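# Structural overview
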Amino acid sequence: METKEEIRVPWGSGIVGFVAESGETLNIPDAYQDDRFNQEIDARTGYRTKSLLCMAIKGKRGDVLGVAQVINKRDGPCFTLKDERVFSNYLQFCGIGLGNANLYQHSRLEVKRTQVLLDLARMIFEEQSTIEHMVCRILTHTLSLMQCQRAQVLLVHEASKGTFSRVFDLESKDLTETDSDSRSSPFEGRFPINIGITGYVATTGEMLNITNVYEDSRFDPQVDENSEFHHRDTLCMPIRNTECQVIGVIQLINKLDKLPFSASDESFVEAFTIFCGMGIHNTRMYEKAITAMAKQRVTLEVLSYHATAPAEEAECLRTSTIPSSQHFRLHSFDFDDDQMSDEDTYKACLRMFLDLDLVKRFQIEYDVLCRWLLSVKKNYRKVIYHNWRHAFNVAQMMFAILTKTKWWQVLGDMECLGLLIACLCHDLDHRGTNNSFQIKASSALAQLYSTSTMERHHFDQCLMILNTQGNQILSHLSPDEYSRVLKILEDAILATDLAVYFRNRGAFMELIDAKSYNWTKDEHRDLLRGMLMTVCDLSAITKPWDVERRVAELVASEFFEQGDIEREELNITPIDMMNREKKDQLPTMQVAFIDSICEPVYDVFAKLSPKLRPLLDGVRTNRKHWQSIITTQANGESH
């Protein structure tokens, strides 16, 4: 059959629109003499309309189902009354046919919709599915049934209800692609979000059916800029869980037939979202159960290796004399623990807590503090570098910076407490392997923490010790103080992930370079604490050359052990810094490490406080030493 171009007539507009709205019959001898006739139709079709008879097609209840018109009477100038009677009788049968067709189409649609709801119900109660698979089924059914261009499911962030944690989307053309049948997950975050519309629905729980989004103030036209896609109409509805809490939003955009979403569409989507809510809620519960099982495995693994320090050892430490910070040189930037015993390090840590007045300020029981310190030490594995001695050195550098610059006055007691605990705990239970290795090995830790894998594990271990009987050094804090210290702790430990450092470095440097920082602002102090953790974590690079070289070789040895495991157990070639076969390139890698990571952060802190200039000088001096080795190696090779 030859396809014809479709012509749309607005309701109540023109002759057809008038008849559809009023139900009246129009018999017009000369169409061009009637103001309601739209001459543009003739111009588009190339047809010349003279006379026309236009009549409503009505159902058995008298409701208008459609409009029929006949044009240009062949054997006369216009249509007669007889023509009107014949046409009316004919259209009665048309009305019966259209009514039956509508009923049949409606019943088929209802059957299909019921099948979709049953399919979702089966998924909810029979399948253990991932959130991606569940949402993919939801979006696929939505596009197929509602016949729209695009559908999105936006999941509300569980902690911050005003934002979305994940945004899934699917387009109608995605269903026609060759891999559509095998796709088990939707696309994620491809398109801009109408945050004004979706955010409104998420926060109010109200449904929105907008015929022209450009006429709605909540729509942001910028989402269509630089895009071939053009928003026209949208149906946006909340997804609720079994407790009627909004857990997400489903948004349908642009019906394919270019009609607005109807009341029938609203009713179906409303029923549909009930099942969606049940499905997403159950899937989240299932994923949480899987996470809990992984966490349990990790916990059992940790507990099999570690134990709380004995009370007898803590009592011995408690009764010991604690030398001054000057005795240990704790205020010195060139501090070296090489000649210190483990017992000396415990005493030095106690001295830091005492000198910062944290024991008195937070009513920390001294025997509990002693036992906590010993437990922290016990929870560090005997790996080459990321062990107790590294944590102790990081804490010493933090103490030196806070006291030299007097930033302890800027940050306050609570943040100093959080930072000192974070330094001592920031690598708890380190296995001598990094985040990348955990992901490559598909370890239980990688299943438990998808980002900052080791850092999140270190924080969890820190919490475990703090909550263990006899180690609860924060027990006398008020609930608000306790929550605040834990937040500082978490942020500080996560900040030791270099990925987090790179993410925050630009903003921090802009603040310092522009001198626009204000330490009374929480967000500025958050950045300062995060950067301080990096400065202390990498501080070996600032130490005298003999210390720096010794530490660099320890780090390299630990990296090479990881590379050996990757080669032997995972059957992959390690990257250069982990590759024992590339150990001669250590000086070159150290120079690159200083240039890309170390020097920029120490440079910005030297700008922030002249008292920290020695750290930058130390970095640059050590760079010269490494560069000298590179030059010597090059000269040796040339001869």
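Residues numbered from 1 in each chain as written. Predicted model: local features only at pLDDT ≥ 70, side-chain atom pairs only at ≥ 80, totals over all residues. Heavy atoms only, no water.

Once that is clear, we can look at the sheet that holds strand 3 (residues 64-71). Taken together, the three strands give an open sheet; going across it, the order is 1-2-3, and neighbouring strands pair in antiparallel fashion. Two strands lie at the open edges of the sheet, namely strand 1 (26-28) and strand 3, each paired on one side alone. Adjacent strand axes in the sheet meet at a mean angle of 15 degrees, parallel and antiparallel pairs treated alike. The pairing of strand 1 with strand 2 (residues 52-58) spans three bridges and is antiparallel. Looking at the pairing, L26 lines up with C54 of strand 2. Across the sheet, helix 1 (residues 14-22) is in contact with strand 1, strand 2 and strand 3; its angle to strand 2 comes to roughly 35 degrees. (Pairing = 2+ DSSP bridges. Helix = DSSP H or I, 4+ residues; strand = E, 2+ residues; numbered from the N terminus. Axes fitted to C-alpha atoms, helices over the stretch in contact; angles between N-to-C directions. Contact = heavy atoms within 4.5 Å.)

Attention now goes to helix 20 (residues 522-537). The terminal C-alpha atoms of helix 20 lie 22 Å apart, and with 16 residues this matches the ideal 22 Å at 1.5 Å per residue to within 8%. Most of helix 20 is tucked away: 13 of the 16 residues are buried. (Expected span 1.5 Å × (residues − 1). Buried < 20%, exposed > 50% of the residue type's maximum accessible area, 1.4 Å probe, protein only.)

So, about the state of the cysteines. Applying the stated criterion across every chain yields a total of zero disulfides. Here C423 is not cross-linked by a disulfide; its sulfur's nearest cysteine counterpart is in C536, at 5.1 Å. Given the relative accessible area of 0%, C423 is considered buried. (Disulfide = S-S within 2.5 Å.)

A few words on helix 9 (residues 342-355). Quick reminder: α-helices carry 3.6 residues per turn. Residues three or four places apart thus point the same way. Across its 14 residues, helix 9 extends 20 Å between first and last C-alpha, which sits within 8% of the 20 Å expected from 1.5 Å per residue. For helix 9, the full list of buried residues reads T345, Y346, K347, A348, C349, L350, R351, M352 and F353. Where the residues of helix 9 are buried, they touch helix 7 (311-318), helix 8 (325-328), helix 10 (358-361), helix 11 (366-378), helix 12 (388-405) and helix 14 (413-425). Just downstream of helix 9 lies D357, where phi reads positive at about 60 degrees.

Next up on the list: the side chain of H386. Positionally, H386 belongs in the loop between helix 11 and helix 12. Taking the relative accessible area as the measure of exposure, H386 reaches 15% and is therefore buried. Reaching out from H386, the side chain makes a polar contact with the side chain of E558 at a distance of 2.4 Å. (Polar contact = N/O pair within 3.5 Å; in protein donor to acceptor, adjacent residues only side chain to side chain.)

Now for the packing of helix 9 against helix 11. For the pair helix 9 and helix 11, interaxial distance at closest approach is 11 Å and the crossing angle is 130 degrees. Between helix 9 and helix 11, the angle is such that the two are oblique. Here helix 9 runs over helix 11; the crossing is right-handed. Contacts between helix 9 and helix 11 pair D342, Y346, C349, L350 and F353 from the former with Y366, L369, C370, W372, L373, L374 and K377 from the latter. Residues belonging to the contact of helix 9 with helix 11 are distributed by class as follows: ten nonpolar, no polar and two charged. (Parallel < 35°, antiparallel > 145°, perpendicular 65-115°, else oblique. Left-handed = near helix turned anticlockwise from the far one by under 90°. Nonpolar A, V, L, I, M, F, W, Y, C, P; charged D, E, K, R; others polar.)

Most of strand 2 sits out of view: six of its seven residues are buried. Both strand 2 and strand 3 contribute to a ladder of seven bridges, which runs antiparallel. Of the residues in strand 3, the one forming a bridge with I57 is G66. Turn length for the strand 2-strand 3 hairpin, with the two strands adjacent in sequence and antiparallel, is five residues, and the turn residue G62 shows positive phi of about 85 degrees.

Remember, this is a structural readout, not a statement about activity or role.
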